[in-house]
Amino acid sequence: GELHLTVLIETMRRQGYEFQVSKPEVLYKTIDGVKCEPMERLVVDVPEEYAGAVIEKIGRRKGVMENMSGRGRVRLDFVVPSRGLFGYRSEFMTDTRGEGIMSSVFEKYEPVKGDIPHRSVGALVSTETGEAVMYGLFYAQDRGTLFCGPNTAVYTGMIVGQNARQGDIDVNVCRQKHLTSIRNAAGAETAMKLTSMRTLTLEECLEFIDDDELLEITPKSLRMRKRVLETELRKKLAAKKRAEANS
């Protein structure tokens, strides 16, 4: 699972390695001519008022609830595809206000359950290479939650935040105030504050990245990025993919 991957990755980081990883994937097996995927036994312990949200989210991820017991705090037993749990832990902690407990173990292989939605939000992607500044970050935060602060080195195609809605948005966090506006807005930049910034852990980064993204790991930093860094090329590829889907 993701926890085991983060332990391995963190060990390599401390040994001085620099590398990139993609979104975790499961290993499929062909059994009697049928493509099968690993299933996990998921046991969840949550306050009763949050049980509905957990059941709904696991259902979207192709999980099947087999048992529910208890009052006040309830125990829920599911059988869910391993890939359905990728990226779910942080969502689970949010839905249960940090009061939920979840654990899982491999159960068996079953025929592939179909498409599973991974991420319901998009990314804020840097359009420039340079150093993030307060002015650019302040206006970018209106689009969602930032993952970096002022004076952070960024590059074109790097993910600098989470869009509050589906779909990616290109932002310029290196954008500085025009010289002509300094006199008209004296002191305005010093009053700017970042109200929606979040630093992701290694495990949270692995949960966040999507199929078209990578996590860049160095001993000193974690950076999420698009596989295709160039903004215009990425837009062309996205348009081509939409056209193929509609044809």
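The structure this text deals with has already been given above.
Attention here is on the structure that accompanies the text. (Residues numbered from 1 in each chain as written. Predicted model: local features only at pLDDT ≥ 70, side-chain atom pairs only at ≥ 80, totals over all residues. Heavy atoms only, no water.)

## Description of the pattern of salt bridges
- If you walk through the whole model with that rule in mind, you get 22 salt bridges.
- Note that Lys-226 is salt-bridged to Asp-168, the shortest N-O span being 2.5 Å. You can see Lys-226 sitting in strand S14 (residues 222-226) and its partner Asp-168 sitting in the loop between strand S11 (159-163) and strand S12 (169-171), a full 58 residues away along the chain.
- For Lys-226, a relative accessible area of 1% puts it in the buried group.
- As a salt-bridge pair, Glu-213 and Lys-226 come within 2.7 Å of each other at their nearest N and O atoms. Highlighted residues: Glu-213 in strand S13 (residues 213-217) and Lys-226 in strand S14, separated in sequence by 13 residues. No difference in accessibility class separates Glu-213 from Lys-226, as the two residues are buried.
- Sharing partners across several salt bridges, the network here consists of Lys-57, Arg-61, Glu-91 and Asp-95. (Salt bridge = Lys/Arg side-chain N within 4 Å of Asp/Glu carboxyl O. Helix = DSSP H or I, 4+ residues; strand = E, 2+ residues; numbered from the N terminus. Buried < 20%, exposed > 50% of the residue type's maximum accessible area, 1.4 Å probe, protein only.)

## Here's the deal with the sheet that holds S13
- The strand order across the open sheet formed by 3 strands is S1-S13-S14, and the pairing between neighbours is antiparallel. In the strand order of this sheet, the two ends are held by strand S1 (19-21) and S14, each with one partner. Within this sheet the neighbouring strands show an average axis-to-axis angle of 30°, counted without direction.
- Sheet topology note: the S1/S13 ladder contains 3 bridges and is antiparallel. Counted as the bridge partner of Gln-20 is Glu-216 from S13.
- Taken strand by strand, helix H1 (residues 2-14) contacts S1, S13 and S14, and its axis lies near 165° from that of S1. (Pairing = 2+ DSSP bridges. Axes fitted to C-alpha atoms, helices over the stretch in contact; angles between N-to-C directions. Contact = heavy atoms within 4.5 Å.)

## Some thoughts on the pairing of S13
- The element S13 is largely enclosed, with a buried count of 5 among its 5 residues.
- In S13, alternate side chains face the same way, and those of Glu-213, Leu-215 and Ile-217 on one face and Leu-214 and Glu-216 on the other are all buried.
- For S13 and S14, the ladder comprises 5 bridges, and the chain directions are antiparallel. Looking across to S14, one finds that Glu-216 is bridged to Arg-223.
- In this structure, the hairpin formed by S13 and S14 is closed by a connection of 4 residues.

## Focus on the sheet that holds strand S7 (residues 123-126)
- One open sheet accounts for 4 strands, arranged S9-S11-S7-S12; its pairing is mixed. The open sheet is flanked by strand S9 (144-146) and S12, the only strands paired with a single partner. Strand-to-strand twist of the sheet, defined as the mean angle between neighbouring strand axes without regard to direction, takes the value 30°.
- Across 3 bridges, the pairing between S7 and S12 is parallel.

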